[in-house]
Amino acid sequence: MAASSWFSTGLLNERSISFTPMKCYTRTICNCPNLFSKQTFCPKPVSVYAGSRHSTRNGIRCRTLEVESTPSFSIGKKFQLDDVIEAQQFDREILSAIFEVAREMEKIEKNSPGSQILKGYLMATLFYEPSTRTRLSFESAMKRLGGEVLTTENAREFSSAAKGETLEDTIRTVEGYSDIIVMRHFESGAARRAAATANIPIINAGDGPGQHPTQKSMQALLDVYTIDREIGKLDSIKVALVGDLANGRTVRSLAYLLAKYEDVKIYFVSPDVVKMKDDIKDYLTSKGVKWEESGDLMEVASKCDVLYQTRIQRERFGERVDLYEEARGKYVVDSDVLNVMQKHAVVMHPLPRLDEITVDVDKDPRAAYFRQAQNGLYIRMALLKLLLVGW
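These lines cover the structure that appears in this document, whether it is placed above or below. (Residues numbered from 1 in each chain as written. Predicted model: local features only at pLDDT ≥ 70, side-chain atom pairs only at ≥ 80, totals over all residues. Heavy atoms only, no water.)

Description of the overall build of the protein chain
Here is step 1 of the chain: Each helix and strand in the protein chain was counted, giving 12 helices and 13 strands.
Here is step 2 of the chain: In the protein chain, buried positions account for 54% of the 391 residues.
Here is step 3 of the chain: Put simply, 68% of the contacts in the protein chain that link residues at least 6 apart link residues at least 24 apart.
Here is step 4 of the chain: For the protein chain, the exposed area adds up to about 17,400 Å²; of that, 50% sits on carbon and sulfur atoms. (Helix = DSSP H or I, 4+ residues; strand = E, 2+ residues; numbered from the N terminus. Buried < 20%, exposed > 50% of the residue type's maximum accessible area, 1.4 Å probe, protein only. Contact = heavy atoms within 4.5 Å. Areas by Shrake-Rupley, 256 points an atom, 1.4 Å probe, with all protein chains shown as cover.)

Focus on the side chain of glutamine 309
Here is step 1 of the chain: Secondary-structure assignment places glutamine 309 in strand S12 (residues 306–309).
Here is step 2 of the chain: Here glutamine 309 falls in the buried class, since its relative accessible area comes to 0%.
Here is step 3 of the chain: Among the polar contacts listed, one links the side chain of glutamine 309 to the backbone oxygen of glutamate 356, at a separation of 3.0 Å.
Here is step 4 of the chain: Look past the residues within four positions of glutamine 309 in its chain and what remains in contact with it is Val242, Gly243, Tyr331, Val332, Val333, Met348, His349, Pro350, Glu356 and Ile357. (Polar contact = N/O pair within 3.5 Å; in protein donor to acceptor, adjacent residues only side chain to side chain.)

Regarding helix H12 (residues 369–389)
Here is step 1 of the chain: For H12, built from 21 residues, the straight-helix expectation of 30 Å at 1.5 Å per residue is met to within 8% by its first-to-last C-alpha distance of 30 Å.
Here is step 2 of the chain: Of all 21 residues in H12, 16 are buried; the element is thus mostly enclosed.
Here is step 3 of the chain: Positive phi appears at glycine 390, one or two residues downstream of H12, with a value of about 85°. (Expected span 1.5 Å × (residues − 1).)

Some remarks on the pattern of salt bridges
Here is step 1 of the chain: Throughout the structure, instances matching the rule amount to 24 salt bridges.
Here is step 2 of the chain: Residue glutamate 129 is joined to arginine 184 by a salt bridge in which the shortest nitrogen-to-oxygen separation is 3.4 Å. A residue pair is termed long-range when its members are at least 10 positions apart, and glutamate 129 in the loop between strand S5 (122–127) and helix H2 (132–144) and arginine 184 in strand S7 (residues 180–185) qualify at 55 residues.
Here is step 3 of the chain: Across the pair aspartate 355 and arginine 328 runs a salt bridge, and its minimum N-O distance is 3.0 Å. Of the two residues, aspartate 355 is situated in the loop between strand S13 (346–348) and H12 and arginine 328 in helix H10 (residues 321–328); the sequence distance between them amounts to 27 residues.
Here is step 4 of the chain: According to the relative accessible area criterion, arginine 328 is partly exposed, its value standing at 29%.
Here is step 5 of the chain: If you follow the salt bridges from partner to partner, you end up with Lys275, Asp278, Lys281 and Glu293 in one network. (Salt bridge = Lys/Arg side-chain N within 4 Å of Asp/Glu carboxyl O.)

Description of the packing of aromatic side chains
Here is step 1 of the chain: Following the criterion strictly, the structure yields 6 aromatic pairs and no others.
Here is step 2 of the chain: Taken together, a centroid distance of 5.3 Å and an interplanar angle of 50° make the contact between phenylalanine 99 and tyrosine 225 tilted. You can see phenylalanine 99 sitting in helix H1 (residues 92–111) and its partner tyrosine 225 sitting in helix H6 (residues 217–231), a full 126 residues away along the chain. With respect to burial, phenylalanine 99 and tyrosine 225 carry one shared label: buried.
Here is step 3 of the chain: With centroids separated by 5.2 Å and ring planes inclined at 65°, the aromatic side chains of tyrosine 369 and phenylalanine 370 adopt a geometry described as edge-to-face.
Here is step 4 of the chain: If you follow arginine 380 out to its NZ or CZ, it ends over the ring of phenylalanine 138, 4.9 Å from the centre. (Phe/Tyr/Trp six-rings, centres within 6.5 Å; stacked < 30°, edge-to-face > 60°. Lys NZ or Arg CZ within 6 Å of the ring centre and 35° of its normal.)

Side note on unusual backbone geometry
Here is step 1 of the chain: Leucine 351 connects to proline 352 through a cis peptide bond whose omega is 5°.
Here is step 2 of the chain: Position of proline 352 relative to the elements: it lies in the loop between S13 and H12.
Here is step 3 of the chain: Positive phi values are uncommon outside glycine, yet serine 236 reaches one of about 55°.
Here is step 4 of the chain: With respect to the helices, strands and loops of the structure, serine 236 is situated in the loop between H6 and strand S9 (238–242).
Here is step 5 of the chain: Checked against the element boundaries, leucine 351 lands in the loop between S13 and H12.
Here is step 6 of the chain: Look at leucine 351 and you get buried, because its relative accessible area is 15%.

Comments concerning the pairing of S9
Here is step 1 of the chain: Of all 5 residues that make up S9, 4 are buried, and the element is covered over most of its length.
Here is step 2 of the chain: Strand direction decides the pairing type here: S9 and strand S10 (residues 265–269), joined by 5 bridges, are parallel. Within S10, the residue paired with alanine 240 across the bridge is tyrosine 267.
Here is step 3 of the chain: Tracing the backbone out of S9, into helix H7 (residues 249–258) and back to the parallel element S10 gives a crossover that is right-handed.
Here is step 4 of the chain: With 4 bridges joining them, S9 and S12 adopt parallel strand pairing. Directly across from leucine 241, in S12, lies its bridge partner tyrosine 308. (Pairing = 2+ DSSP bridges. Right-handed = clockwise from strand over helix to strand, strands pointing away.)

Overview of the sheet that holds strand S6 (residues 148–152)
Here is step 1 of the chain: Strands sit in the order S6-S5-S7-S8 across an open sheet of 4 strands; the sheet is parallel. Where the open sheet ends on each side, the last strands, each with one partner, are S6 and strand S8 (202–207). Direction aside, the axes of adjacent strands within the sheet are offset by 10° on average.
Here is step 2 of the chain: When S5 meets S6, the two strands line up parallel, connected through 5 bridges. (Axes fitted to C-alpha atoms, helices over the stretch in contact; angles between N-to-C directions.)

Structural notes on the nonpolar core
Here is step 1 of the chain: Judged by nonpolar contacts, the single largest core of 70 residues is most densely connected at Ile98, Phe99, Ile203, Ile227, Leu241, Ile266 and Ile379.
Here is step 2 of the chain: For this core, the element with the highest residue contribution is H12, accounting for 10 residues.
Here is step 3 of the chain: Here isoleucine 227 is in contact with Gly232, Lys233, Leu234, Ile237, Leu254, Leu258, Val306 and Met348, once residues within four sequence places are set aside. (Core = buried A, V, L, I, M, F, W, Y, C linked by side-chain atoms within 4.5 Å.)

Considering the environment of tyrosine 261
Here is step 1 of the chain: Mapped onto the elements of the fold, tyrosine 261 is located in the loop between H7 and S10.
Here is step 2 of the chain: Sequence spacing of tyrosine 261 and leucine 234 is 27 residues, and the spatial spacing of their C-alpha atoms is 6.4 Å.

Function cannot be inferred from these measures alone, as they are strictly geometric.
Below, the structure is given as structure tokens:
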């Protein structure tokens, strides 16, 4: 189970002198045998004893210990996360360290095509719904590092799931064939269930159609990495999120990660029918992130460092074709928008695009969306390397 904080807390039963973990990061103070399972143990070096408090549970006096641990990014050390499931797992320090590894992966991809970093490792791509772009990117990442791939494009239809097998049983079976599983699933929460079952790393390549802001953590990682590479910084930037903000998981997860940086301002530009929902706005406000809704794409484009365009998702409108058509062409990035953008600014898009960015934009050096897709390869290479062999 992946951890999202540098703190661990446990309840020490003073009658039996046993330790029941709530979140535990070290064996040195814990005697619970469950700590040896993947789900409850994430080894981190303990550096500071932060304090304790007392409580009573079931008539037994308990003492809560809080232990702060220092992250270690030294070469050869184990990666801090067992699985990659959601954006909440990452803080600034881990993100920066992952990005450094991604830069090394970029050098390997360009200069060392015969890399054997992951030689002998097998990755299973278990996709219950098709996503050719994501699957191929992961498979390319694994092969470029010398690993091998077992793959299925539509496990929902062609695996034992069609016969009624549970996800948990499938995971227990597939982990016997592989060293890491990349999973895409149609049910929300499936990746968490897989991670709780497996004794090997799980990477969430998307689960469910829901609106939770962490469900596109992989896309958000490569988006933040791209902004860092293109703009040269992540603090003190202005980002415009444009298009389908109600249904687009990519923009929601990106907003969540951007909140980890200082002096960021986010503009929301969308048709009224697909405006950003209040949960993200409330979250940004709680983190002190400035945000503003606007209906004027040209004005916002002239101010921002990043213009992040998304497609209007036809499948979200059901039979309301009229609303879809109204929303579809309202905000289009074209040469006129480029003309008002700053010289250093970039246009991003999670792809695939329809007609929300005109093809003449492609030739402008500020069109970063294909470089953005390429960066996804380096992020995936970095995560596979980190999860399988560590820093």
